[in-house]
Amino acid sequence: MPVSGRYRWLKSPLFILTGILVILVAIFWSQMINWMLPADSRPAAIVYSAEILTQNGFETAAGTLESTPRGAAGEFGHIERFREAGILSYEGPATCLGCHEKITYQDDQGNEKSADLMDNLVSSAHYRFFTKAHPNVYGFNGELADNFPMGKINRPCPKPGSFAMTAWAELVVTQAGDTLSEGCGQCHIGGQYQAPLGEMMPLYRTGGKEKDAIDCLICHAVAYDMNRKQVVTDANGRNRWGQDRSLLAAMSVTSPTAEACLRCHQHNFGGDIYVDAAGPEFMESLQNLGHTRPRVQHPGSKRGTPYSPSWDVHAAAGMSCIECHATRGHLMAKGTHTTTLMANDLPDVEVSCLDCHDEPHDNSNEDGRTLNGHLDTVACQTCHIPSLHPDNVTRRDFGETEFENDPGIHIYHDVVKENAPGRGITYVWWNGDTTFLGNPIGDNPNGAELYSFYDARWRWPEFADFDYEAWYEKTMRPIAKAGRPSKLHPMKRFNGRQHIDQQNMGPFGGMFVHYNLPSFYRFGRPDQAARVEMDKSMMGMMYGWMFKFYMMDKFMSFMGIDGWNTNSFVDVRAGKMVEPRWIPTDAMLEISHAIRREGALTCNDCHGVGGLMDWPALGYTPGEIDNLIIPR
């Protein structure tokens, strides 16, 4: 049919050319994003050497697994599947996708859903290192920090003072000349040379090279060898993290166990030093540090709440993490109450003690009824986390280092380590919301305007005259009042003194200047390590116009700072206008593990004379405090 005069423009060369360009951009959009990254930060094809077993070797491996308690219980169904299919080597995700192209799960209403397994996986926080939905996070400007990519990928880590965009896979040389593995990539399921940076851009599609490098087995294989999780250097000179791709590990695939989750998560629960004699299998990553380039062990855990039999009743009962943390395929619920884990796949799905313990105390007696009556205003963790592991850090100074003879490196200086209730553990009103820097938002449930969750105890001289009280009343109290009802929660207090870009800071904090880990550990000179890291190509890009436009202006607005100053790059690279600072107010880390029944706090611990609770700080008047105290 001929095109009428009205629509003749559809045949114009300009329209046709524009259409072709749009199609080409759509096809090559993801490649274009990666081309814009520095050459050392782009994904690439990675070749893993396949370990091919003979039939006799297969049966030997099968016998080894079947002789273990889980094998004897018939949990390793993949042994027979591999035997029937004649599979004698594990080829990475391609082997898994041969049978598991789709994944099924139940949605919030209990309806069965089906999705492409790989699409589901690469959309998860465990792969992306971030999520965009943060319905409980508020900036210091009073705005909800939602619809914004945020998580470990673009937030500095206070252990060991690094940044995932630059400190992904590093080799640290000790004074004795030994080589250690370090970097953020050790706790990531991807196997690329860099963090999945492209994922932060709109409409990005994960490429085949990225999918092929994913480490399925670190979560799913009971027999995973953590000694293979060390930095390796490829023929192209680029560093990445190794994986266990043995058939033995693949034959031991199950749903993720608690022990598998703790290969990464024990790092901040109980730390890199403590091994529970009652359950050493919970700390396998601490005992298998690497065959030739061991991973750096960091003293001073961030939370001090080990998930192991001696510390947590759920671990002692043999519970897996996903019994509480609901999943939708590979998407996992963190819960609606979190102050620090900004990446949350299912931010609307609650994870609560009351999901299982509806009336946890005996209602047939007065004491039990009284305790159950506390549930409206007191979180279960308040009484049932009576202490923290002694090797946890309350205040960490990266600006001062100390030398460790074993393994022969300089580390940060942990100024304060507190583990007692009322000291390392503090108590706050919390409604589940949080500020951009991990301050739990809440209000006195009695409605009295006496409670404030922000005290600026470490305020900086440049903002000595800033009126924090007026800001709080104008910006934060309305948010606290409008939120969910607050309960009394235990929190782990934490602060870190780290180098700050003084041209990108405000009254609530500023942009961290990250440390080059090989330099920091080897020489123990933080000023030098900060300058060296600025030479990384991704730091130049972060201070460039593209990051400013797409991410950093908005990021800084949540910090209460008017825009991202890219002009400071030259000074920061030269070590000018940079110095270590404590964050103006301590972060409060939510603690919800290390749950104990024996040794839980008693009524008198909190309500007795000289008890743990700082009632004035919690917003009670003197008359109300008298009614709360139990005379001895």
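Each value, and the rule that gives it
Residues numbered from 1 in each chain as written. Predicted model: local features only at pLDDT ≥ 70, side-chain atom pairs only at ≥ 80, totals over all residues. Heavy atoms only, no water. Helix = DSSP H or I, 4+ residues; strand = E, 2+ residues; numbered from the N terminus. Rg over C-alpha atoms; globule rule 2.2 N^0.38 Å. Contact = heavy atoms within 4.5 Å. Areas by Shrake-Rupley, 256 points an atom, 1.4 Å probe, with all protein chains shown as cover. Lys, Arg positive; Asp, Glu negative; His and termini not counted. Charge placed at Lys NZ, Arg CZ, Asp CG, Glu CD. Phe/Tyr/Trp six-rings, centres within 6.5 Å; stacked < 30°, edge-to-face > 60°. Buried < 20%, exposed > 50% of the residue type's maximum accessible area, 1.4 Å probe, protein only. Lys NZ or Arg CZ within 6 Å of the ring centre and 35° of its normal. Core = buried A, V, L, I, M, F, W, Y, C linked by side-chain atoms within 4.5 Å. Salt bridge = Lys/Arg side-chain N within 4 Å of Asp/Glu carboxyl O. Pairing = 2+ DSSP bridges. Polar contact = N/O pair within 3.5 Å; in protein donor to acceptor, adjacent residues only side chain to side chain.

Draft legend 1. Molecular detail of the overall build of the protein. Broken down by element type, the protein carries 23 helices and 18 strands. Expected size for 632 residues packed as a compact globule is a radius of gyration near 26 Å; at 26 Å, the protein falls within 12% of this value. Expressed along its principal axes, the backbone C-alpha trace of the protein runs to roughly 80 × 70 × 70 Å. For the protein, the share of sequence-separated contacts (at least 6 apart) that also reach a separation of at least 24 residues comes to 71%. As displayed, the protein has an accessible area near 28,100 Å², and 55% of this comes from carbon and sulfur atoms. Each charge class in the protein can be summarised by its mean position, and for the 56 positive and 75 negative side chains these summaries are 7 Å apart.

Draft legend 2. View of unusual backbone geometry. Here the residue pair Asp406 and Pro407 is connected by a cis peptide bond, since its omega of 25° sits within 30 degrees of zero. For Pro407, the position within the fold is in the loop between strand S10 (395-404) and strand S11 (409-416). The phi dihedral of Met577 falls on the positive side, at around 55°, and the residue is not glycine. Position of Met577 among the secondary structure elements: in the loop between helix H21 (569-573) and strand S17 (578-582). Here the phi dihedral of Ala594 falls at roughly 60°; this positive angle occurs in a residue that is not glycine.

Draft legend 3. Representation of the packing of aromatic side chains in the model. Taken as a whole, this structure holds 27 aromatic pairs when the rule is applied. Ring centres 5.1 Å apart and planes at 70° place the aromatic pair Phe453 and Tyr472 in the edge-to-face group. Residue Phe453 is found in the loop between strand S14 (440-441) and helix H16 (468-482), and its partner Tyr472 is found in helix H16; the two are separated by 19 residues along the sequence. You'll find Phe453 and Tyr472 in the same group, each marked buried. When the ring of Tyr543 is compared with that of Trp564, the centres are 4.6 Å apart and the planes differ by 45°; the resulting orientation is tilted. Within this pair, whereas Tyr543 is found in the loop between helix H19 (537-542) and helix H20 (545-558), its partner Trp564 is found in the loop between H20 and H21, the two being separated by 21 residues in sequence. Like Trp564, Tyr543 is buried. Following the ring pairs from residue to residue traces out a cluster consisting of Phe140, Phe453, Tyr454, Phe466, Tyr468, Trp471, Tyr472 and Phe508. Here Arg395 stacks its cationic end above the ring of Trp582, 4.5 Å away from the centre of that ring. Over the ring of Tyr412 we find Arg396, and its NZ or CZ is 3.8 Å from the ring centre.

Draft legend 4. Structural view of the nonpolar core. Formed by 96 residues in total, the largest nonpolar core has its most connected members in Phe436, Tyr454, Met542, Tyr543 and Met552. Leave out the neighbours within four places in its chain, and Phe436 touches Val137, Tyr138, Gly139, Phe140, Ala145, Met150, Arg155, Met342, Phe555, Phe558 and Met559. Core analysis: the second largest hydrophobic core is formed by 25 residues, Phe76, Tyr90, Leu121 and Val122 among them.

Draft legend 5. Layout of the pattern of salt bridges. Per the stated rule, a full pass over the model turns up 35 salt bridges. A salt bridge links Glu170 to Lys536; the shortest N-O distance between them is 2.8 Å. On the criterion of sequence distance, the pair formed by Glu170 in strand S4 (residues 170-173) and Lys536 in the loop between helix H18 (526-533) and H19 is long-range, its members being 366 residues apart. With a relative accessible area of 9%, Glu170 lands in the buried category. Across the pair Glu590 and Lys334 runs a salt bridge whose closest N-O atoms are separated by 3.3 Å. Pair noted here: Glu590 is in strand S18 (residues 587-590) and Lys334 is in the loop between strand S9 (331-332) and helix H14 (366-373), with a separation of 256 residues, a long-range link. Owing to a relative accessible area of 5%, Glu590 belongs among the buried residues under this scheme. You can call Lys334 buried: its relative accessible area is 17%. Here the salt bridges share partners, and the residues they tie into one network are Asp443, Glu449, Glu473, Arg477 and Lys481.

Draft legend 6. Region of interest: the sheet that holds strand S13 (residues 433-435). In spatial order, the strands read S3-S13-S14; together these 3 strands make up an open sheet with mixed pairing. Looking along the sheet, the strands with just one partner apiece sit at the ends: strand S3 (137-138) and S14. Alignment of S13 against S14, held across 2 bridges, turns out to be antiparallel. The partner of Asp433 across the bridge, within S14, is Ile441.

Draft legend 7. The arrangement of the side chain of Glu199 in detail. Tracing the backbone shows Glu199 in the loop between strand S5 (179-182) and helix H8 (208-212). Classification of Glu199 by relative accessible area gives buried; the value is 2%. Not counting residues up to four positions away in its chain, the partners in contact with Glu199 are Val122, Tyr127, Arg128, Phe130, Tyr204, Thr206 and Glu210.

Draft legend 8. View of the side chain of Asn372. Looking at the secondary structure, you find Asn372 in helix H14. Engagement of the side chain of Asn372 in a polar contact is seen with the backbone oxygen of His361, the distance being 2.9 Å. Excluding residues within four positions of it along the chain, Asn372 makes contact with Glu359, Pro360, His361 and Asn363.

Draft legend 9. Structural detail: the pairing of S17. The buried count for S17 comes to 4 of 5 residues, which makes it a mostly enclosed element. As paired strands, strand S15 (residues 487-506) and S17 are joined by 5 bridges and run antiparallel to one another. In the strand pairing of S17, Asp501 is matched with Val578.

These results come straight from atomic positions and should not be treated as a statement about function.
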